[in-house]
Amino acid sequence: MIIKILWISHSVPKSCYLYNIVSNDYRMISHIKALFQSQTNTSFDNHLRQYYRDNKTLGPNERSIISQLSFDLLRNKLLLENFTNDIDRQLDLLSNVQEYQERKDLPLNVRCSVPQELFDIIANQYGDQKAFEYFMASNEKAPLTIRVNPIKTTREELMKQMKLYHKKTLVSPFGLILSQKNNINLKDTEQFRDGLFEIQDEASQICALRVKCQPKQKVLDYCCGSGGKTLAFAHQMQNQGLIEIYDTREDALIKAKQRFKRAGIQNYQHFSRKYKFDWILLDVPCSGLGTLRRNPDIKYKVNKRSLIGIQYSQQELTNKQQQIFRDAIPYLNRDGYIVYTTCSFVRQENEDQVKQFCRLYGLQVVDCFQSFPEIGQMDSFFSVTLQYQQ
């Protein structure tokens, strides 16, 4: 059978999924089965992209349906497997998944589809009920949020051009949450190609803007990846002063340069190790639990020994974060600021690390931002600004 999704919204209860069985053709189901049977240790998102590259005959509507159903199966995998391992049957159960999530005879971790070990890690920090609420919120589809590039435009001007259903973000002054009614591939638009906006969650925007740099200052983005947070704070410098970027992944740096060119950012270079900086941003490797809505497969790779699944054990991960901080702190001006950021709500990666940094390097907390998983809201991030004790 083909399941055609007539209407889905992340703001609607899962019991309101509407399915229309249009024939006895099993083609769509066979693709979903093939996706899960061929999955490797790569992220599911990357696996999905590769699957579409290998199956070019799938049209945009088919890909949309396959993606939505596959991610919903993945988000609710543990719960659905409590009833059946058959994907055809699991797809049928999705229409009533809210009912199963509310069943009091099932363990909390099963109801929110989280392995017991991971549930216990969070429950030990926040309590069973909060852990359940956080993971339930993480099972929802994330809102689609963009950040306008103030070097080139404003929120009002961009929406006048694009004519999209939207609402402004509550905290970020540059964010727009786009409605699913728009049915548009943003990266195919002229405005994206011209660097007028980037796709970026509001929490990530907020953390980047905590780098309150000014023209003529020096800023180091020490774990810059493909440059997402530099793109968000660079406009404050008006292309005056210096931004240096560093990452261990060369392919990420190449992508960052492409994005900077598109955005009109010119005052950057690779990390030279020559200067002291007014601002250092450390968006460190972390468990990524704050972005489970976008990467639901993460939760099935985490256990007590391994907060990040494949790469690091819990101790190795916190050691890695400490090593990055230790490598970066010598480049901070005595009157400068260092911003430590994760997309996680695990205390070992956040508050516990901050206490250690303050003790080891004579630092003090200037201010802190933290968001937790909530339905329909921004991702869960942690960010703290530190400076040398005065």
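Residues numbered from 1 in each chain as written. Predicted model: local features only at pLDDT ≥ 70, side-chain atom pairs only at ≥ 80, totals over all residues. Heavy atoms only, no water.

Enquirer: Describe the side chain of Arg210, with residues and values.
Expert: With respect to the helices, strands and loops of the structure, Arg210 is situated in the loop between helix H12 (202–209) and strand S7 (218–221). Its relative accessible area of 8% is what places Arg210 among the buried residues. (Helix = DSSP H or I, 4+ residues; strand = E, 2+ residues; numbered from the N terminus. Buried < 20%, exposed > 50% of the residue type's maximum accessible area, 1.4 Å probe, protein only.)

Enquirer: Help me get a handle on the nonpolar core, residues and values and all.
Expert: Judged by nonpolar contacts, the single largest core of 25 residues is most densely connected at Ile32, Ile66, Leu73 and Leu91. Within the residue set of this core, elements represented by two or more residues are helix H1 (27–37), helix H2 (44–54), helix H3 (60–75), helix H4 (77–81), helix H5 (87–94) and helix H6 (97–101). With six residues, the single largest contributor to this core is H3. Non-local contacts of Ile66, meaning those with residues more than four positions away in its chain, are made with Met28, His31, Ile32, Leu35, Tyr52 and Leu58. Core analysis: the second largest hydrophobic core is formed by 24 residues, Leu220, Leu282, Leu332 and Tyr340 among them. (Core = buried A, V, L, I, M, F, W, Y, C linked by side-chain atoms within 4.5 Å. Contact = heavy atoms within 4.5 Å.)

Enquirer: Any chance you could break down the confidence of the model for the chain for me, citing the residues and the numbers?
Expert: Do not read the predicted coordinates in detail wherever pLDDT is low. Mean pLDDT for the chain: 90, with 91% of residues reaching 70 or above. The low-confidence segment residues 1–25 (pLDDT under 50) makes 59 contacts with residues lying over four places distant or belonging to another chain. (pLDDT = per-residue confidence, 0-100.)

Enquirer: A description of the pairing of strand S8 (residues 242–245) should follow, citing residues and the corresponding values.
Expert: Two faces belong to every sheet, and in a regular strand the side chains alternate between them. Residues Leu242 and Glu244 of S8 are buried on one face, and the alternating residues Ile243 and Ile245, pointing to the opposite face, are buried as well. Bridge analysis of S7 against S8 gives four bridges, and the strand direction is parallel. The residue of S8 that forms the bridge with Lys218 is Leu242. One ladder, built from three bridges, connects S8 with strand S9 (residues 268–270); its direction is parallel. Pairing of Glu244 across the sheet is with Gln269, part of S9. Handedness of the β-α-β unit built from S8, helix H14 (residues 250–263) and S9 comes out right-handed. (Pairing = 2+ DSSP bridges. Right-handed = clockwise from strand over helix to strand, strands pointing away.)

Enquirer: Help me get a handle on the packing of aromatic side chains, residues and values and all.
Expert: Applying the stated criterion across every chain, the model contains 23 aromatic pairs. When the centroid spacing of 4.9 Å and the interplanar angle of 45° are considered together, the rings of Phe83 and Tyr100 count as tilted. A residue pair is termed long-range when its members are at least 10 positions apart, and Phe83 in the loop between H4 and H5 and Tyr100 in helix H6 qualify at 17 residues. Owing to a relative accessible area of 12%, Tyr100 belongs among the buried residues under this scheme. Here the aromatic cluster, defined as three or more aromatic residues joined through ring pairs, consists of Phe119, Tyr126, Tyr134, Phe135, Phe345 and Phe372. When the ring centre of Tyr246 is taken as origin, the NZ or CZ atom of Arg273, which lies over that ring, is 5.6 Å away. (Phe/Tyr/Trp six-rings, centres within 6.5 Å; stacked < 30°, edge-to-face > 60°. Lys NZ or Arg CZ within 6 Å of the ring centre and 35° of its normal.)

Enquirer: Quick rundown of the sheet that holds strand S11 (residues 332–342)? Include the residues and the values.
Expert: Spatial ordering of the open sheet is given by S9-S8-S7-S10-S11-S13-S12, a layout of seven strands whose pairing is mixed. A single partner strand is all that each edge strand has here, and the edge strands are S9 and strand S12 (363–370). Going across the sheet, the axis of each strand differs from the next one's by a mean of 20°, ignoring polarity. Summarising the sheet, S12 and strand S13 (residues 382–388) pair through seven bridges and their orientation is antiparallel. Looking across to S13, one finds that Val365 is bridged to Leu386. (Axes fitted to C-alpha atoms, helices over the stretch in contact; angles between N-to-C directions.)

Enquirer: Just give me the short version of the side chain of Asp379, but keep the residues and values in it.
Expert: Along the chain, Asp379 turns up in the loop between S12 and S13. The buried category is assigned to Asp379, whose relative accessible area is 2%. The contacts of Asp379, once residues within four sequence positions are left out, are Asp201, Ala203, Gly290, Thr291, Arg293, Arg294 and Ser371.

Enquirer: Tell me what's going on with the packing of H1 against H2, and back it up with residues and numbers.
Expert: The contact between H1 and H2 brings their axes to 10 Å, and the two run at 125°. With respect to their mutual orientation, H1 and H2 come out oblique. Judged by the sense of rotation from one axis to the other, the crossing of H1 with H2 is right-handed. Together, His31, Ala34, Leu35 and Phe36 of H1 and Phe44, His47, Leu48 and Tyr51 of H2 make up the contact between the two elements. Within the contact of H1 with H2, the residues separate by chemical class into six nonpolar, two polar and no charged. (Parallel < 35°, antiparallel > 145°, perpendicular 65-115°, else oblique. Left-handed = near helix turned anticlockwise from the far one by under 90°. Nonpolar A, V, L, I, M, F, W, Y, C, P; charged D, E, K, R; others polar.)

Enquirer: Outline the sheet that holds strand S5 (residues 175–178), listing residues and values.
Expert: Strands sit in the order S4-S5-S3-S6 across an open sheet of four strands; the sheet is antiparallel. Single-partner strands in this sheet number two, and they are strand S4 (166–168) and strand S6 (197–199). Within the sheet, the average angular offset between the axes of one strand and its neighbour, ignoring direction, is 30°. As paired strands, strand S3 (residues 144–148) and S5 are joined by four bridges and run antiparallel to one another. Residue Ile146 lies in a different strand from S5, and its bridge partner there is Leu176. Here helix H10 (residues 155–162) sits on the sheet and contacts S3, S4, S5 and S6; the angle it forms with S5, its principal contact strand, is near 30°.

Enquirer: Break down the packing of H3 against H5 for me, with residues and values.
Expert: What describes two packed helices is the angle between their axes and the distance between those same axes. Interaxial distance between H3 and H5 falls to 11 Å at its minimum, and their mutual angle equals 90°. As far as their axial angle goes, H5 and H3 are roughly perpendicular. Taken together, the residues of H5 that come into contact with H3 (itself represented by Leu69, Asp72 and Leu73) are Ile87, Gln90, Leu91 and Leu94. The residue inventory of the contact of H3 with H5, partitioned by class, reads five nonpolar, one polar and one charged.

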